[in-house]
Amino acid sequence: MEKTERKIKSIAEAKETVGVWQKQNEKVVFTNGCFDLLHLGHVDYLEKARAKGDHLVIGLNTDDSVSRFKGPERPLQDQYSRARILAALRFVDLVVFFNEDTPLNLIAELVPNVLVKGSDYLAENIVGADVVKKAGGKVETIDFVPGYSTTRIVEKIKRT
């Protein structure tokens, strides 16, 4: 098993690992997304998310959930590829798949100390915010790097 593959965990494995970190008083940050074509905007966002705690856990949409959310032409990369690429980033500690339309069940299982999403969300509208706040955690947003999105990259490729 490659080192990056070891960062890709089942929900049960992730819950156990997060529990160990939290027992050691280490702050666990959680975010989620499709991360279909990793770009500068993603890297900047994830690096800033990781800076909010000791460990960064990413809830990654499965291929089925991406297709439901983004349409039948997506994802461009399969879930294993997307997970390995994310796991290769030094500031990512765990990658966990979720197949539902939202990561609510995953957040409820892991109960991170900090829940992070992009600033295009209002903190009070972020899925799982109530779960994290009830447990004494924080919900934060991060500004995106302007001009970077997977959709924009796909549109540019189609034009060329």
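The shown structure was predicted, so the numbers you read here are calculated from the model rather than taken from an experiment. (Residues numbered from 1 in each chain as written. Predicted model: local features only at pLDDT ≥ 70, side-chain atom pairs only at ≥ 80, totals over all residues. Heavy atoms only, no water.)

In terms of helices and strands, the protein carries seven helices and six strands. In the protein, the succession of helices and strands from N to C terminus is β-α-β-α-β-α-α-β-α-β-α-β-α. In summary, the protein has a C-alpha radius of gyration of 15 Å against a globular reference of 15 Å for 160 residues, a match within 12%. With the C-alpha coordinates of the protein rotated into their principal frame, the extents come out at 50 × 40 × 25 Å. Every one of the 160 residues in the protein was classed for burial, and the buried ones make up 42%. (Helix = DSSP H or I, 4+ residues; strand = E, 2+ residues; numbered from the N terminus. Rg over C-alpha atoms; globule rule 2.2 N^0.38 Å. Buried < 20%, exposed > 50% of the residue type's maximum accessible area, 1.4 Å probe, protein only.)

A complete count under the given rule lists one aromatic pair for this structure. Between Y45 and F144 the ring centres are 5.8 Å apart and the planes differ by 40 degrees, which places this aromatic pair in the tilted class. Of the two residues, Y45 sits in helix α2 (residues 40-50) while F144 sits in the loop between β6 (138-142) and α7 (150-159), which places them 99 residues apart along the sequence. The class of F144 is partly exposed, set by a relative accessible area of 43%. (Phe/Tyr/Trp six-rings, centres within 6.5 Å; stacked < 30°, edge-to-face > 60°.)

Before going further, it helps to spend a moment on the pattern of salt bridges. Under the defined criterion, the tally for this structure stands at nine salt bridges. Between D101 and R68 there is a salt bridge whose closest N-O contact spans 2.7 Å. On the criterion of sequence distance, the pair formed by D101 in the loop between β4 (94-98) and α5 (104-110) and R68 in helix α3 (residues 63-70) is long-range, its members being 33 residues apart. Overall, R68 belongs to the partly exposed group, its relative accessible area being 46%. Put simply, K52, K138 and E140 are held in one network by salt bridges that share partners. (Salt bridge = Lys/Arg side-chain N within 4 Å of Asp/Glu carboxyl O.)

What follows covers the pairing of strand β5 (residues 114-118). With respect to burial, β5 is a largely interior element, five of its five residues being buried. In this structure, strand β2 (residues 28-33) lies alongside β5, joined through two bridges in parallel fashion. The residue of β5 that forms the bridge with V29 is V114. As paired elements, β5 and β6 share five bridges and run parallel to each other. (Pairing = 2+ DSSP bridges.)

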